[in-house]
Amino acid sequence: MATNHLLEINQYGQSIWLDNLTRDIIQSGELKELVENQGISGITSNPAIFEKAIAGNVIYDADIEAGVRAGLPTYKIYESLVFADIRNACDILRPVYEASNRLDGYVSIEVPPTIAHDTEATITEARRYFQEIGRENLMIKIPGTEPGLPAVEQVIADGINVNITLLFSVESYVNTAWAYIQGLEKRLAEGKDISKIASVASFFLSRIDSNIDAKIDAKLKKGVDDIAVEAKLKAVKGKVAIANAKIAYQEYKKIIRSERWQDLAAKGAKVQRLLWASTSTKDPDYRDVMYIEELIGRDTVNTVPPATIKACADHCNVSDRLETDVDKAYTLIKNLKDPDINIDLDTVMDELLVEGIDKFIQPFQSLMNSLEDKIKVLSPV
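Here the residue index of a chain counts from 1 through its sequence in written order. With the structure being a predicted model, the display of local features is reserved for residues of pLDDT at least 70 and the display and counting of side-chain atom pairs for 80 or more, all residues being used for whole-chain, interface and lining totals. Side-chain numbers here rest on the full set of heavy atoms in the structure, without hydrogens or water.

1. What to know about the overall build of the chain
What counts, and what does not: Runs of E in the DSSP output that reach at least two residues are strands. Runs of H or I that reach at least four are helices, and both are numbered from the N terminus. Only C-alpha atoms enter the radius of gyration, while the globule expectation follows 2.2 Å times N to the 0.38, with N the number of residues. Think of it in three bands: residues with accessible area under 20% of the maximum for their type are buried, residues over 50% are exposed, and the middle band is partly exposed, with areas taken using a 1.4 Å probe on protein chains only. By definition, residues are in contact when any of their heavy atoms lie within 4.5 Å. Reported accessibility uses the Shrake-Rupley method at a 1.4 Å probe radius. Residues are deemed covered only where the shown protein chains occlude them. Counting rule for charge: Lys and Arg are taken as positive, Asp and Glu as negative, and neither His nor the chain ends is counted. Each charge is placed at NZ for Lys, CZ for Arg, CG for Asp and CD for Glu.
Each helix and strand counted, the chain has 17 helices and eight strands in total. Since a compact globule built from 381 residues should have a radius of gyration of about 21 Å, the 21 Å found for the chain is in line with a globular shape. Referenced to the eigenvectors of the C-alpha coordinate spread, the extents of the chain come out at roughly 70 × 50 × 50 Å. Put simply, the chain has 381 residues, and 55% of those count as buried. When contacts within the chain are restricted to residue pairs at least 6 apart in sequence, long-range pairs at least 24 apart make up 80% of them. Summing over all exposed atoms, the chain offers an accessible surface of approximately 16500 Å²; the carbon and sulfur share of this is 50%. Here the chain contributes 44 positively and 58 negatively charged side chains, and the mean placements of these two sets differ by 2 Å.

Set out below in structure tokens:
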């Protein structure tokens, strides 16, 4: 029987989560199979995933019709569909949650992307989602925007598991980590237990390379007279996201060595793991599993879409690479400022955050529109 390389990755202290959730994989038993036999120990979802899952899928029609009969507005029908799927997925992953002592077994759901810049609305929705879904192994996804961080702090203080998403820059990750720590400190100051709270910081990958590669290609297309300059530009392609992630991990190590974190850990706090997201390669010239292979390391998570799950199970070359070539990673990021390359990484990260929120708002609104169309069809005359 062929080796499933996904199962090898766990030996290096990394968990593999599935970046997908549909009712089809729940009802067919596919999700249970992935969890019990394929090494999948968590799930992430987002508005784009739910739009693909629900729009045009008849499996949801009976529940939509029930919502129509109950006189529910479109948004509440949407929630009824999604919350049911999340609950069922949480139940399938509950044994993992218990066996791992709450390290894994989580299912993530995002607050509406339309409130990404509204602190109070994010806190309110996170509390409501956690209460209404009613599963201990639920994680609420909150975008790592500036207004999102105080929301993260408060929601953690409330005792709610949080997945901070859409992190691109190392600085944004560090800010996220301290928001988690401050939330735990706040909860501890209130005399409450901090040992049952989990968090991940979702650090995005392929979108970074797609953005920077496009900039490099534009420079090359204009024409470069100097062969050395051309070589410099080509050396950057497809390398920035992994280098950036390796540097973020070094910051993670500094944070967990800090006195503030050590004090919390002594009181039972669980470390906030870095989660590698956006891990399918967009360029066919790149190895299809490079965002998995190059970032395997202790106390991390990689959330992987179905096609990449299959690819990795088949041909991932598994070893502990997260802390290899770290000096080269720092040099690569520093070299972006070279006048011959001239890429402002801070600007790229700002662009990606704005685009990232928009990439969730658009499918969310599209799904609402699709649901409204379906409601009209299913509504009694």
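2. Remarks on helix α17 (residues 345-378)
Going by this rule: Helices are assigned an expected span. That span is 1.5 Å times one less than the residue count. Here a polar contact is recorded for every N or O atom pair within 3.5 Å, except that within protein the pair must consist of a potential hydrogen donor and a potential acceptor, and residues adjacent in sequence are included only if both atoms are side-chain atoms.
Look at α17: 49 Å from first C-alpha to last across 34 residues, which is about the 50 Å you get at 1.5 Å a residue. Where α17 begins, one side-chain oxygen reaches toward the backbone nitrogen of aspartate 346, 3.0 Å away; that side chain belongs to aspartate 344.

3. Let's talk about the pattern of salt bridges
As a reminder of what qualifies: Salt bridges are defined as contacts in which a side-chain nitrogen from Lys or Arg sits within 4 Å of a carboxyl oxygen from Asp or Glu.
All told, the structure shown has 24 salt bridges when counted by the stated rule. Residues arginine 23 and aspartate 85 are paired through a salt bridge, measuring 2.7 Å at the closest nitrogen-oxygen approach. Within this pair, whereas arginine 23 is found in helix α2 (residues 23-27), its partner aspartate 85 is found in helix α6 (residues 74-99), the two being separated by 62 residues in sequence. Where aspartate 91 meets arginine 135, a salt bridge forms, and the shortest distance between an N and an O atom there is 2.8 Å. Placement of the pair is aspartate 91 in helix α6 and arginine 135 in the loop between α7 (119-133) and β4 (138-143), with a sequence separation of 44 residues. The exposure class of arginine 135 is partly exposed, given its relative accessible area of 26%.

4. Description of the sheet that holds strand β2 (residues 40-44)
Defined as follows: Here, strands pair whenever DSSP counts at least two bridges between them. Axis lines are fitted to C-alpha atoms, over the contacting stretch for helices. Their N-to-C directions set the angle, which ranges from 0 to 180 degrees.
Here eight strands make up a closed barrel; going around it, the order is β1-β2-β3-β4-β5-β6-β7-β8 and the pairing parallel. The sheet shows a mean angle of 30° between the axes of neighbouring strands, direction not considered. Bridging between strand β3 (residues 106-110) and β4 involves four bridges; their strand directions are parallel. Residue pairing for β4: valine 107 is matched across the bridge by leucine 138. Across the sheet, α7 lies against β3 and β4, angled at about 165° from β4, the strand it touches most.

5. Considering the packing of aromatic side chains
So the rule is basically this: Any two rings among Phe, Tyr and Trp, with Trp reduced to its six-membered ring, count as a pair given centres within 6.5 Å; such a pair is stacked if its planes are under 30 degrees apart, edge-to-face if over 60, and tilted if neither.
Enumeration according to the criterion identifies nine aromatic pairs in this entry. With centroids separated by 5.8 Å and ring planes inclined at 35°, the aromatic side chains of tyrosine 75 and tyrosine 78 adopt a geometry described as tilted. Here the residue tyrosine 75 and the residue tyrosine 78 both occupy positions in helix α6, the gap between them amounting to three residues, near one helical turn. The exposure class of tyrosine 75 is partly exposed, given its relative accessible area of 25%. Taken together through their ring pairs, the aromatic side chains of Tyr75, Tyr78 and Phe364 make up a single cluster.

6. Observations concerning the state of the cysteines
The condition is simple: Two cysteine sulfurs form what is called a disulfide whenever their separation falls within 2.5 Å.
Scanning the model with the defined rule gives one disulfide in all. What pairs with cysteine 312 in a disulfide is cysteine 316, and their sulfur atoms sit 2.3 Å apart. Judged by the sign of its S-S torsion, about -110°, the cystine formed by cysteine 312 and cysteine 316 is left-handed. Each member of the pair, cysteine 312 as well as cysteine 316, carries the same accessibility label: buried.

7. Re the nonpolar core
Operational definition: The set of buried Ala, Val, Leu, Ile, Met, Phe, Trp, Tyr and Cys residues whose side-chain atoms join them within 4.5 Å is what this entry labels a nonpolar core.
With 130 residues, the main nonpolar core has Ile86, Ile140 and Tyr173 as its most contacted residues. Residue contributions to this core peak at 13 residues, all from α17. Those residues in contact with isoleucine 86, other than ones at most four positions away along the chain, are Leu21, Ser45, Phe50, Val107, Ser108, Ile109, Ile133 and Leu138.

8. Focus: the pairing of β4
The criterion, for reference: By definition, the crossover connecting two strands over a helix is right-handed if that path, from the first strand to the second, turns clockwise as seen with the strands pointing away from the viewer.
Buried residues dominate β4, accounting for six of its six residues. Where burial is concerned, the two faces of β4 agree: the one with Leu138, Ile140 and Ile142 and the one with Met139, Lys141 and Pro143 are both buried. Viewed along the sheet, the connection from β3 through α7 into β4 turns out right-handed. In the sheet, β4 pairs with strand β5 (residues 162-167) via four bridges, with the strands oriented parallel. Its bridge partner being in β5, proline 143 is matched across the sheet by threonine 165. Where the polypeptide runs from β4 across helix α8 (residues 148-157) and back to β5, its parallel neighbour, the crossover connection is right-handed.

9. What about the environment of tyrosine 129?
Take tyrosine 129: it is sitting in helix α7. On the accessibility criterion, tyrosine 129 (1% relative accessible area) is buried. Taking the C-alpha atoms as reference points, tyrosine 129 and isoleucine 140, eleven residues apart in sequence, are found 7.7 Å from one another. Here tyrosine 129 is in contact with Tyr75, Glu79, Phe83, Ile109, Glu110, Val111, Pro112, Gly134, Leu138 and Ile140, once residues within four sequence places are set aside.

10. Concerning a negative patch on the surface
To keep it simple, the criterion reads: Patch building starts from residues that exceed 30% relative accessible area and form no salt bridge, then joins like charges within 9 Å and nonpolar side chains (Val, Leu, Ile, Met, Phe, Trp, Tyr) within 5 Å.
Together, Glu171, Asp344, Asp346 and Asp350 line one region of the surface with negative charge. Along the polypeptide, aspartate 350 turns up in helix α17.

11. Some remarks on the environment of serine 202
Mapped onto the elements, serine 202 comes out in strand β6 (residues 199-204). It is 8.7 Å that separates the C-alpha atoms of serine 202 and arginine 273, two residues lying 71 residues apart in sequence. The residues contacting serine 202, other than those within four sequence positions of it, are Asn163, Ile164, Thr165, Leu166, Leu167, Leu275 and Ala277. Here asparagine 163 takes part through its side chain, which lies 2.7 Å from a polar atom of the side chain of serine 202.

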